[in-house]
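Chains, contacts and geometry: an overview
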Amino acid sequence: MPVKKDPAARAEELRSLLHYHNYRYHILNRPEISDAEYDRLFNELRELEATHPELIAPDSPTQRVGGAVAEGFASVQHRVPMLSLDNAYTADEIREFEARLQRALPGETFTYVCEPKVDGLGVALLYEKGRLGRGATRGDGRLGEDITQNLKTVRTIPLRLRGPLADLDVLEVRGEVFMGHEAFEDLNRTLEAEGEEPFANPRNAAAGSVRQKDSGITAKRPLDIFVYAVSDARPNPFATHWDAMQALGEAGFKINPRSRRCADIQAVITTCAELERDRANLGYDADGVVIKVDSLDQQRPLGATTHHPRWAVAYKFPAQQATTVVRKIEINVGRTGALTPTALLDPVEIAGATISRATLHNADEIERLDVREGDTVIVERAGDVIPHILRVVTEKRPPEANSFAFPTTCPVCGASAFRPEGEVVSRCANSTCPARLKEGLLHYGSRRAMDIEHLGEAVVEQLVDRGLVQTFADLYGLSVAQLAELDRLAEKSATNLHTAIQASKGRGLAPLLFALGIRYVGENVARILATEFGSMENLSHATEEQLAAVHGIGPRIAASVALFFQQPENRRLIAALREAGVKMEEATSAGPRPLLGKIFVLTGGLTQMTRDEAKAAIQRLGGRVTSSVSKKTDYVIIGKDPGSKVEEVRRLGVTTLDETEFLALVQKS
Ligand code: IVH
């Protein structure tokens, strides 16, 4: 428990500490404290702000979690237009760029800065006296949209500047918001686990996230930024672009570590070639190199056309494309029953990698491209992401190629496939479809779910095909002898697999909920449900309204969870898992649970413990905490300055406890 001191001073101290540790972690990659310690500081600030809402500052790190939902975005007029860039495609064209500079400023020599041209979204960040005041999209270059709330959730955008730049009256910085390859693939996995459409590429993912109406969603998207320009500084302290970038780095911005200062145009050409060679290893999509004149005294007289500055040019990497033939369109059935098409291609090389498959996403995409088996197509590879088909070369279409008929039945079990109104995905209607079961088992045993090592594809395939496993629960009845009979599984591996299966029984409620593959229940949602309800028993009895009342659980998730527990086959599955000894409680709820089934509401501030601690204590004892008072509420704990809930409580006649009574209840229990 922190020493009590003036709340305003403590809040400022916490903000400042959190800004510092955020900078160590996200910008320098050298954290000084553990994540748990960071969370402790963060929670303390949040508690403090909850009890003293007047202390919430616009640059508080708590603002990074988002939550505000926008009706639409206000229009922003850029003070300096956000221009695009002229392109160069060859070394000769880069030399021509220098020749143009020499014609414009005869007799001068030029040094340059080369930066990867990150493929994301341009944004403008406006700081006043070191505080982020506004963040806007590029829009059409003159008018953008105010997306301040969303940009505040990006951990690598400083809310408060460090060092001398913090004193500038006005500092406007521009940069590119993007999503790295790993983060992108993680996000798509999560979206798929939650039954949502994945994004086609990192750029779309970044664009979709940054223009979210609900900033709480943006906060969960792994966005990142590199800043690449100072568009306004009053007073302007910089002499060169390079110096400006270094100063931005020191002020807490993320600048691109692959940027290079080049003494002449030959060094520029070499740097471009290096970045091009390394393109696949950057970890994010870059479609070229931006070459800039370094001296700001030279940039100024060079000026700009209406479209682009004369002091910069974009060297564009050659497209990562190739022409090949679609041999077959294959349909795979995923764990949620989704039918996803893939094009099988004649192998072709793109930038050093052999490509033999391309994603087709869904039926709409096939229709849009009008791609047919036998077609010659242009495929493109962007970064590490699976290649996609850009277009069909219709001139080369063989006469016998027919339009692709998307299957109306499941290619694995033959059951009908349906496409719900308004959705792009067709799904197999058979919940016991072997393809779904196989994918489901792989997910059930995956690391972040029940973590069953050795439960790989080959094993799952045989378990299902031989009829040994029809539901997840059947896994627990498998003997070492049965496992040893599977092809390619020696006695020792069978023992290991058996041990791993048995060990998974103790994972706890959150991994189990994620493992079950309930639609819209990803890892995060599973954790929230487990903490909130404490046991499978509690959760299975929760009504849709009770579910939706939980912070972080929207109506769609609530409906899906309630529906899951209504299905007789799911009830049977849960019963069978319980019978097999699978733990159905949250890991922390080991002791006696005298508050089982009791519903609590907290209102007002507590002095002896934080809200999170109070919540944890209630949950440990089997109770639940909800946010709003209803007839079902058993106790309302009334702290300091409780607000309007108190009247509602009186009206409903719910039992109230003050902090001392609550502590007594917890201690007694
Ligand atoms: S400088 C007036 N530097 O590319 C200067 N732009 O085609 C223009 N971009 O809208 C921008 N990385 O969104 C610059 N290192 C970089 C960049 C970069 C990506 C984007 C930016 C701009 C577009 C221009």
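For the structure, see preceding data.
The rules we used
- Residues numbered from 1 in each chain as written.
- Predicted model: local features only at pLDDT ≥ 70, side-chain atom pairs only at ≥ 80, totals over all residues.
- Heavy atoms only, no water.
- Phe/Tyr/Trp six-rings, centres within 6.5 Å; stacked < 30°, edge-to-face > 60°.
- Helix = DSSP H or I, 4+ residues; strand = E, 2+ residues; numbered from the N terminus.
- Buried < 20%, exposed > 50% of the residue type's maximum accessible area, 1.4 Å probe, protein only.
- Arc of directions from axis to C-beta.
- Contact = heavy atoms within 4.5 Å.
- Pairing = 2+ DSSP bridges.
- Right-handed = clockwise from strand over helix to strand, strands pointing away.
- Axes fitted to C-alpha atoms, helices over the stretch in contact; angles between N-to-C directions.
- Core = buried A, V, L, I, M, F, W, Y, C linked by side-chain atoms within 4.5 Å.
- Near = heavy atom within 4 Å.
- Polar contact = N/O pair within 3.5 Å; in protein donor to acceptor, adjacent residues only side chain to side chain.
- Areas by Shrake-Rupley, 256 points an atom, 1.4 Å probe, with all protein chains shown as cover.
- Nonpolar A, V, L, I, M, F, W, Y, C, P; charged D, E, K, R; others polar.

1. Details of the packing of aromatic side chains
For any pair of aromatic rings, the description rests on two quantities: the centre-to-centre distance and the angle between the ring planes. A complete count under the given rule lists eleven aromatic pairs for this structure. Plain terms: the ring middles of Phe-226 and Tyr-284 are 5.5 Å apart, the flat faces sit at 65 degrees to each other, and that makes the pair edge-to-face. With Phe-226 in strand β8 (residues 224-234) and Tyr-284 in the loop between α9 (265-277) and β10 (286-293), this pair connects stretches of sequence that are 58 residues apart. Using a relative accessible area of 6% as the deciding quantity, one classes Phe-226 as buried.

2. Comments concerning helix α8 (residues 241-251)
Among the residues making up α8, those that are buried are His-241, Ala-244, Met-245, Leu-248, Gly-249 and Ala-251. An end-on view of α8 places all buried positions within 165 degrees of arc, on one side of the element. Its buried side turned inward, α8 meets α1 (7-27), β3 (112-118), β7 (170-178), β8, β10 and α10 (296-302). Following α8 by one or two positions, Gly-252 has its phi on the positive side, about 110 degrees.

3. Some points on the pairing of strand β22 (residues 655-658)
Where strand β21 (residues 635-638) and β22 come together, four bridges link them in parallel fashion. Bridge pairing links Val-636 to Thr-656 in β22. Between the parallel elements β21 and β22, the chain passes through helix α23 (residues 645-652) in a crossover that is right-handed.

4. Looking at the sheet that holds strand β5 (residues 131-137)
In any sheet, the strands associate via hydrogen bonds between backbone groups, in a parallel or an antiparallel arrangement. Spatially, four strands are ordered β5-β4-β7-β8 in an open sheet, and the strand pairing comes out antiparallel. Because the sheet does not close on itself, it has two edges, and the strands there are β5 and β8. When strand polarity is set aside, the average angle formed by the axes of neighbouring strands in this sheet is 25 degrees. Against the sheet, helix α6 (residues 202-210) touches β4 (121-128) and β7, its axis set at about 40 degrees to β4.

5. Observations concerning the nonpolar core
Judged by nonpolar contacts, the single largest core of 57 residues is most densely connected at Tyr-444, Leu-475, Leu-516, Leu-529 and Leu-577. Put simply, the parts of the chain that give this core at least two residues each are α12 (434-444), α13 (457-465), α15 (491-503), α16 (509-515), α17 (523-533), α18 (536-541), α20 (555-566) and α21 (568-579). In contact with Leu-516, not counting residues within four places along its chain, are Phe-472, Met-536, Phe-564, Leu-573, Ile-574 and Leu-577. Counting 36 residues, the second largest nonpolar core, distinct from the first, contains Leu-125, Leu-132, Val-173 and Ala-205.

6. Focus: the side chain of Asp-294
Relative to the elements of secondary structure, Asp-294 occurs in the loop between β10 and α10. When residues no more than four places from it in sequence are discounted, the contact partners of Asp-294 are Thr-111, Tyr-112, Val-113, Ala-239, Thr-240, His-241, Trp-242 and Arg-261.

7. Regarding the site of the ligand
Around the ligand, a shell composed of 14 residues is seen, among which Glu-115, Lys-117, Glu-176, Tyr-228 and Lys-292 lie nearest. For the ligand, an oxygen atom lies 3.5 Å from a polar atom in the side chain of Arg-138. Contact between the ligand and Tyr-228: an oxygen atom at 3.3 Å from a side-chain N or O atom of the residue. Protein contact buries 87% of the 520 Å² of open area that the ligand shows by itself. Contributions of two or more residues to the shell around the ligand are made by β3 and β10. Looking at which element gives the most residues to the shell around the ligand, the answer is β3, with four residues. In terms of residue class, the shell around the ligand is built from seven nonpolar, two polar and five charged.

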